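Residue strings, one per chain:
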Amino acid sequence: MGEHDVFLQGRSMMNIRALFTSSCLFVAAIYSPSAQAVMEGSPNTPVASKAEITVLYDAFGKLSEMKKDWGFSALIEYRGKRILFDTGNNTDIFAHNVKAKGIDLTNLDFAVVSHRHGDHTSGLNHLLRVNPNVTIFAPQENFGVFGSALPGAFLKSNKALPVDTRYFGGDPPETLRSGSAWPEGKFTLVAENIEVAPGFHLIILPGLWGVDLEVKEVSLAIDTPDGIVLVVGCGHPRIEAIVKATKAALDRPIHLVMGGLHLLPASNKEIRQIATDLRDSWDVRFIAPDHCTGEQGFAILKEVFGNRYVYAGLGTTLQLGRTVTIKAETEQPEKPEINAADLRSYRRSLAKGPLRALLGRGEDLLARR
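Here's a quick rundown of the structure. (Residues numbered from 1 in each chain as written. Predicted model: local features only at pLDDT ≥ 70, side-chain atom pairs only at ≥ 80, totals over all residues. Heavy atoms only, no water.)

Focus: the overall build of the protein chain
Moving on, step 1. Helix and strand content of the protein chain: 11 helices and 16 strands.
Moving on, step 2. The buried share of the protein chain, reckoned over its 369 residues, is 49%.
Moving on, step 3. Partitioning the intrachain contacts of the protein chain with sequence separation of at least 6 by distance along the chain shows that 67% fall at a separation of at least 24.
Moving on, step 4. In the structure as shown, the protein chain presents an accessible area of about 18100 Å², 54% of it carried by carbon and sulfur atoms. (Helix = DSSP H or I, 4+ residues; strand = E, 2+ residues; numbered from the N terminus. Buried < 20%, exposed > 50% of the residue type's maximum accessible area, 1.4 Å probe, protein only. Contact = heavy atoms within 4.5 Å. Areas by Shrake-Rupley, 256 points an atom, 1.4 Å probe, with all protein chains shown as cover.)

Section: the sheet that holds strand S12 (residues 227–232)
Sheets are built from strands paired through backbone hydrogen bonds, the pairs being either parallel or antiparallel.
Moving on, step 1. Overall, mixed pairing links the 6 strands, which are arranged S9-S10-S11-S12-S13-S14 in an open sheet. Edge strands, defined here as strands with exactly one partner in the open sheet, are strand S9 (194–197) and strand S14 (286–290). This sheet shows a mean twist of 20° between the axes of neighbouring strands, independent of strand direction.
Moving on, step 2. Bridge analysis of S12 against strand S13 (residues 254–260) gives 5 bridges, and the strand direction is parallel. Counted as the bridge partner of Val232 is Gly259 from S13. (Pairing = 2+ DSSP bridges. Axes fitted to C-alpha atoms, helices over the stretch in contact; angles between N-to-C directions.)

Section: the pattern of salt bridges
Moving on, step 1. Considering all chains together, one arrives at 9 salt bridges under this definition.
Moving on, step 2. Across the salt bridge formed by Asp109 and Lys81, the nearest N and O atoms sit 4.0 Å from each other. You can see Asp109 sitting in the loop between helix H3 (91–100) and strand S4 (110–112) and its partner Lys81 sitting in strand S3 (residues 81–85), a full 28 residues away along the chain.
Moving on, step 3. Residue classification places Lys81 among the partly exposed residues on the basis of a relative accessible area of 26%.
Moving on, step 4. Between Arg238 and Glu240 there is a salt bridge, and its shortest N-O distance comes to 3.5 Å. (Salt bridge = Lys/Arg side-chain N within 4 Å of Asp/Glu carboxyl O.)

A closer look at the nonpolar core
Moving on, step 1. Counting 62 residues, the largest nonpolar core has Ile76, Leu220, Ile239, Leu256, Val257, Met258 and Leu318 as its most contacted members.
Moving on, step 2. For Leu220, the residues in contact, after removing those within four places along its chain, are Ile76, Ile83, Phe85, Phe200, His201, Leu202, Val229, Leu230 and Val231. (Core = buried A, V, L, I, M, F, W, Y, C linked by side-chain atoms within 4.5 Å.)

Structure representation (structure tokens):
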């Protein structure tokens, strides 16, 4: 074999190896979990590539077709999952905002209702109209609005009483079941911390701060490569306690805290201490406050967290990653601030409805404003 023939044979072998390697890489790529998730997603949206949280309900935000109102709701899209978190205060406004934002509620993986208050639950009526079979995770409470069950022994029988004075004629059922305000809903009641999908955890705590009665509240903790993304409805158990419980349960750093932090009942001194503790003691990397955080809370958290404070008004889409950023849209600058119009709409929404009765010590704070 001549020198030229050897050279050509070597080139041929190199081409074959390159073709084989490229083919293997292509096969590996199309059968990877991320590629499978894209191919199995909706035909229009490569859901696996999304890592976003969109605010669908709140009382402040930039000018858009969406309507501001007191309450909270957000859509989480991450790792191929689509999760609705809370449903706002008014079913018509919720339906309007969902449509204005172009959100499809028919293909959710599941929904989470953080707690029983109307400013987080009223949009369930619309959700169940368009997606009656969706699984809804909600906190378990004795005789709660989502339905519940107690042992019949809860009634503590007294056999000395006449039969017509005894519950169920002296023969109570083994289990006492209470009805739901949404009987058609497929509720899964949460009594303890639970992983509901790989990397998606629900953290449940009792809330005692600034509420009418003890309320159980569920928060969503998403395990990401950068740490935990923690979505909170109202923070009734106190945001510090929720962060502490999440870190204890998952043993991961907190990358982002987003949602209602319930700082309205707090004094400025308390807010500053809480903000500093979140940043320094609990090492929260980014914070994106919503809903019942309060105007003073917005201001102080922004001061304490600096460029790690993320605006999250109505209609805003947060893009998750090592740095949490805002998705730029035509009606929304990349780095929006809370302005005077935001604060006026926030105050108007705050003044309406039964919220004032739920704030406890926040009443004094509001009276001084």
